[in-house]
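Read off the chains here:
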Amino acid sequence: MSKASEASTEEKKLKWWQLSLLGVAGTIGTGYFLGSSLAISIGGPAVLLGYILAALGTYVVFDALARMTSDHPEQGSFRSYAKKAFGSWAGFASGWVYWFSELLIMGSQLTALSIFSRFWFPNVPLWIFAAGFGIVGLCIVFFGNKGFDRVENVLAIIKIAAILMFLVLAIALLAGWIGGTKYEHNVPLSMTEIFPKGGIGLWSAFLFAFYAYGGIEVLGIMSYRLQKPEEAPKAGKVMLISLSTVYVVSIGLALTMVPLGAFNPKESPFVLALSSDHLAFVPHLFNGVLIVAGFSTMTASLYAVTSMMLTLAQEGDAPRLFSRKWKKKYPLFALSLIGCGLIVTIVMSLLLPGKVYEYVTTAAGLMLMYNWLFILLSSGRLLKAGRFSVVKRWIGLVLIGLAITGTLFHSLSRPGFFISLLLVLLIGISDMIVQRVRKKKKNEESSTTDQGEKEPHNTLESPSFHITGIRLRKSKLK
């Protein structure tokens, strides 16, 4: 290897703090900017506790995936670990659960982007914005963009800058340095103010706290690029402490600045909090930043779901058609399938304009949780079972289980739960069919091999063999 290539290889290696920063920038998206409003409206100020507990559960998942990546580096990451731990059926199920989760996350992000856009154009239907953003995203992935990584880095800086801007302005508004605030400030202190919907409200909102940390599995995949892979858990700790601090402080400020009844799933809590006569331009500026940030995470999800579809098709877990590329370059067939999935989301936004974000976000969060369950269960099979590791894994499983079951207690979340069950059932039936076909093919191949091994012994002495051999020799002589 030349010195130049060695240098370029070395440049690709990350330090643990770089991985932490990438995680913070890559995780913050519409699940935080808009999903937090949904969590607040369901659970009230108590959701701050939910975000802290969700950070703990997310760390357990990241730690398990990072340790598996360190011990057994695999290109397919969690999908390969599920397959290694439980068999080919688990690899199929894990891959498709992830594919559907990312597809639903894209649907949730498209809806969020449409809601942000209606801040300026309230009379334009949601589905028109969703279709526009979806087409632009598909075009970006179809034609490819070598500079997209750099663009993502710039967009990540914009997201972090937006959060810092909110924190500074919120403190200035609370301190009275800027007047003309729209709402009266109030710090919730009593139990009835903190738990307005009781413990059930917090339980119902728990999933949306987890959803704000979605994308952590991608960071687990990236941990193989660390200079010292054993530092992956440290990178995860710093990243999640940073994320949970940002979430709790910013949402806490929003809860202090906006009355609980004003929060709704159609407006970002941060735009509401910055409403002031003296800051008339700020909500517009912040809303533009939210659109840019949301579109970056939506496009990143589109890349992820496209690459997963190509992998599934190449490894026989999806029709081979979807692994083909038009002109050997453009993933036309994979993107066509993804486009059909996005059309379903757009049709839902047309039919259910008032509730589509809640339904799609709930289903997306649940599919994400199912995938995280696969990661934790796989780690139980593949990693050395120390006592502390077992305790951590059970803590993660219990917290994820609480997030999943909590959706049953809220009327807006319950349909998303049944949508996720329907998708899991569809994946399960498809998995059974695929495994049965594979087993049948394997049995046919083994029986053919056995016959091929037996036939020479049975036919060596038969006249037909000698006749055939003579004919062959004659043809060669000719």
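Located above this text is the structure these notes cover.
What comes next concerns the included structure. Please read these numbers as outputs of a predicted model, since none were measured by experiment.

1. Concerning the pattern of salt bridges
- Enumeration over the complete set of coordinates arrives at 5 salt bridges.
- Here Asp-63 makes a salt bridge to Arg-67, at a shortest N to O gap of 3.9 Å. Of this pair, Asp-63 and Arg-67 both sit in helix α5 (residues 47-71), 4 residues apart, which is roughly one turn of the helix.
- Looking at Asp-63, the relative accessible area reads 4%, which means it is buried.
- A relative accessible area of 25% means that Arg-67 is categorised as partly exposed.
- For Lys-392, the salt bridge identified is with Asp-63, shortest N-O distance 2.6 Å. Taken as a pair, Lys-392 in helix α18 (residues 387-406) and Asp-63 in helix α5 lie far apart in primary sequence, 329 residues in all.
- Of the residues examined, Lys-392 reaches a relative accessible area of 13% and is grouped as buried.
- Salt bridges linked by common partners bring Arg-79, Glu-315, Asp-317 and Arg-438 together as one network.

2. Details of a nonpolar patch on the surface
- Together, Trp-127, Ile-128, Ile-343, Val-347, Leu-350, Leu-351 and Leu-352 line one region of the surface with nonpolar side chains, adding up to about 640 Å² of accessible area.
- Put simply, the parts of the chain that give the nonpolar patch at least two residues each are α8 (126-143) and α16 (332-351).
- No other element matches the 4 residues that α16 contributes to the nonpolar patch.
- The residue Trp-127 is located in helix α8 in this model.
- When its relative accessible area of 34% is taken as the criterion, Trp-127 is described as partly exposed.

3. What about the packing of α5 against helix α17 (residues 356-382)?
- At a minimum axis distance of 9 Å, the contact between α5 and α17 shows a crossing angle of 50°. Classified by the interaxial angle, the pair formed by α5 and α17 is oblique. Along this stretch, α5 crosses α17, giving a crossing that reads as left-handed. Where α5 abuts α17, its residues Thr-58, Val-60, Val-61, Ala-64, Leu-65 and Met-68 lie against Trp-372, Ile-375, Leu-376, Ser-378, Ser-379 and Leu-382.
- Considered class by class, the residues forming the contact of α5 with α17 number 9 nonpolar, 3 polar and no charged.

4. A short note on α8
- The end-to-end C-alpha separation of α8 is 26 Å, in line with the 26 Å expected for 18 residues at 1.5 Å each.
- Of all the residues in α8, the buried ones are Leu-126, Phe-129, Ala-130, Ala-131, Phe-133, Gly-134, Gly-137, Leu-138, Val-141 and Phe-142.

5. Quick look at the side chain of Thr-30
- Residue placement: Thr-30 occurs in helix α3 (residues 30-33).
- In this structure Thr-30 touches Gly-35, Gln-109, Ala-112, Phe-116, Gly-294, Thr-297 and Tyr-357, once residues within four positions along its chain are discounted.

Definitions and cut-offs
- Residues numbered from 1 in each chain as written.
- Predicted model: local features only at pLDDT ≥ 70, side-chain atom pairs only at ≥ 80, totals over all residues.
- Heavy atoms only, no water.
- Salt bridge = Lys/Arg side-chain N within 4 Å of Asp/Glu carboxyl O.
- Helix = DSSP H or I, 4+ residues; strand = E, 2+ residues; numbered from the N terminus.
- Buried < 20%, exposed > 50% of the residue type's maximum accessible area, 1.4 Å probe, protein only.
- Patch = residues over 30% accessible without salt bridge, like charges linked within 9 Å, V, L, I, M, F, W, Y side chains within 5 Å.
- Areas by Shrake-Rupley, 256 points an atom, 1.4 Å probe, with all protein chains shown as cover.
- Axes fitted to C-alpha atoms, helices over the stretch in contact; angles between N-to-C directions.
- Parallel < 35°, antiparallel > 145°, perpendicular 65-115°, else oblique.
- Left-handed = near helix turned anticlockwise from the far one by under 90°.
- Contact = heavy atoms within 4.5 Å.
- Nonpolar A, V, L, I, M, F, W, Y, C, P; charged D, E, K, R; others polar.
- Expected span 1.5 Å × (residues − 1).

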